[in-house]
Amino acid sequence: MIARRNLLTGLAASVAAGCSTRQVPSTAYQYPIAPPPPDRATMGLDAVIDISRSVTVTDFRQVRQSGIRGVIHKASEGGDYADSACAARRPQAEAAGVLWGTYHYGTGQMSGAQQAAFFLNMSRPGPRTLLALDLEANDNNPSNSMRLDQAEAFVRAVADATGRLPVVYVHPAWANGEPLPNSGLSFGARITPDSILARCGLWVADYHDSPEIPFAWTATGWRLWQYAGDESASRPAYNQTTIVQGVSHCDRNLFNGDADALNRFWGAGA
């Protein structure tokens, strides 16, 4: 063992001598570190949720204490379905200091003008009520999805009645005329920049790291971004450390601006 140790010692010395002329980097190589998940707080104000009667609401004060500044509640669908929880929840939300908004789920069953009249009757908006049209494929009955001409008629009727445009909730692919997977349809809405819908504020639904902007809104971008759906305590949204309290579950939305801009936007919707 002694002889072997001497041999190894000699080899080590010779290797060190042979390497003495090599340039040794001043710092060790730094391996790249994977970037962290996207911080949505830097992309907008995480302060808006949307709900319907399927959501159990225990206390809107807890909703507000969770950092939520605005809630958009389903008011109607088609021309004959009213969300039975909407009217009763409005004073509760407003008393808690939460901005109130309502949305209509569009269908192909009745004309856009008829649906708008029904929506406004069920919503009974005030000057500070955010109004929205939910334009998407009808999963339960694809053939009953709202068409582009119906959506445009809906928006015009709401604007004529209230003096302001509603925001439009839409998936990027559907807005660009592409069929959504498993929708049963071979086409989408095909919204163009010259459509009256493109003048409405964009509420984009896109559950990715950042939202895709539909072609019609390329020049203006998104105002609201629904980045997660059906969040609950047992199913938090991606990269979320805080859960909205006071509700059983909800959809989460970012606003493209700060709190002051959100207050200005809420009454205008564009």
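These notes cover the structure that comes with them. (Residues numbered from 1 in each chain as written. Predicted model: local features only at pLDDT ≥ 70, side-chain atom pairs only at ≥ 80, totals over all residues. Heavy atoms only, no water.)

1. Comments concerning the overall build of the protein chain
Here is the rule we go by: Numbering goes from the N terminus for both helices and strands, where a helix is a DSSP run of H or I of at least four residues and a strand is a run of E of at least two. Buried residues are those whose accessible area, probed at 1.4 Å on protein chains only, stays under 20% of the maximum for their type, while exposed residues exceed 50% and partly exposed ones sit between those limits. The method behind every accessible area is Shrake-Rupley, applied with a 1.4 Å probe, and residues are considered shielded solely by the protein chains displayed.
If you tally the helices and strands in the protein chain, you get seven helices and nine strands. A buried classification covers 48% of the 270 residues belonging to the protein chain. Summed over all atoms, the accessible surface of the protein chain reaches about 13,900 Å², with 53% contributed by carbon and sulfur.

2. What to know about unusual backbone geometry
Negative phi is the rule for most residues except glycine; trans is the rule for most peptide bonds. If you check the backbone angles, R124 has positive phi at about 45 degrees while not being a glycine. Here R124 is to be found in the loop between helix 4 (112-123) and strand 5 (130-134).

3. Quick word on the layout of surface pockets
Which entries qualify depends on this criterion: Here the term cavity refers to a set of points on a 1 Å grid, laid over the protein atoms alone, in which a 1.4 Å probe fits but cannot get out; the term pocket refers to an open set having protein on both sides within 12 Å along at least five of seven lines, with lining residues being those that place an atom within 4 Å of a point. Grid points are joined across faces, edges and corners, and a volume is the space filled by probe spheres set on the points. Here the term charged refers only to Asp, Glu, Lys and Arg, the term nonpolar to Ala, Val, Leu, Ile, Met, Phe, Trp, Tyr, Cys and Pro, and the term polar to all other amino acids, Gly among them.
Here the largest pocket is characterised by a volume of approximately 910 Å³. Lining of the largest pocket is provided by 35 residues; of these, Y105, D134, E136, D139 and Y169 occupy positions nearest its centre. Mapped by element, the contributors of at least two residues to the lining of the largest pocket are strand 1 (45-51), strand 2 (70-77), strand 4 (99-105), strand 6 (167-170), strand 7 (202-205), strand 8 (224-231) and strand 9 (250-255). In terms of residue count, strand 8 provides more of the lining of the largest pocket than any other element does, three residues in total. Residues of the lining of the largest pocket, tallied by class, amount to 14 nonpolar, twelve polar and nine charged.

4. Comments concerning the packing of helix 4 against helix 5 (residues 148-162)
Heads up, the condition is: Axis definition: a line fitted to C-alpha atoms, over the contacting stretch in the case of helices. Angles run 0 to 180 degrees between N-to-C directions. For classification purposes, angles smaller than 35 degrees are called roughly parallel, those larger than 145 roughly antiparallel, those between 65 and 115 roughly perpendicular, and all remaining angles oblique. The handedness criterion is simple: a crossing whose near helix is rotated anticlockwise from the far helix by less than a right angle is left-handed, and one whose near helix is rotated clockwise is right-handed. The criterion used for residue contact is that any of the two residues' heavy atoms lie within 4.5 Å.
Here helix 4 crosses helix 5 at 45 degrees, and the two axes come no closer than 7 Å. As far as their axial angle goes, helix 5 and helix 4 are oblique. As for how helix 4 packs across helix 5, the hand of that crossing is right-handed. Contact residues: helix 4 offers G112, A113, Q115, A116, F119 and L120, while helix 5 offers Q150, A153, F154, A157, V158, A161 and T162. Tallied by class, residues from the contact of helix 4 with helix 5 come to nine nonpolar, four polar and no charged.

5. Considering the pairing of strand 7
What counts, and what does not: Think of it this way: DSSP has to see at least two bridges between two strands before they count as a pair.
Across the two faces of strand 7 the burial is the same, with L202 and V204 and W203 and A205 all buried. Pairing of strand 6 with strand 7, which is carried by three bridges, proceeds in the parallel orientation. Residue pairing in the sheet places Y169 in a bridge with W203 of strand 7. By the bridge criterion, three bridges tie strand 7 to strand 8 in an arrangement that is parallel.

6. Observations concerning the environment of D134
Counting through the fold element by element, D134 comes out in strand 5. For the pair D134 and E77, spaced 57 residues apart in the sequence, the C-alpha separation amounts to 9.2 Å. Among residues more than four places away in sequence, those in contact with D134 are Y103, H104, Y105, G106 and Y169.

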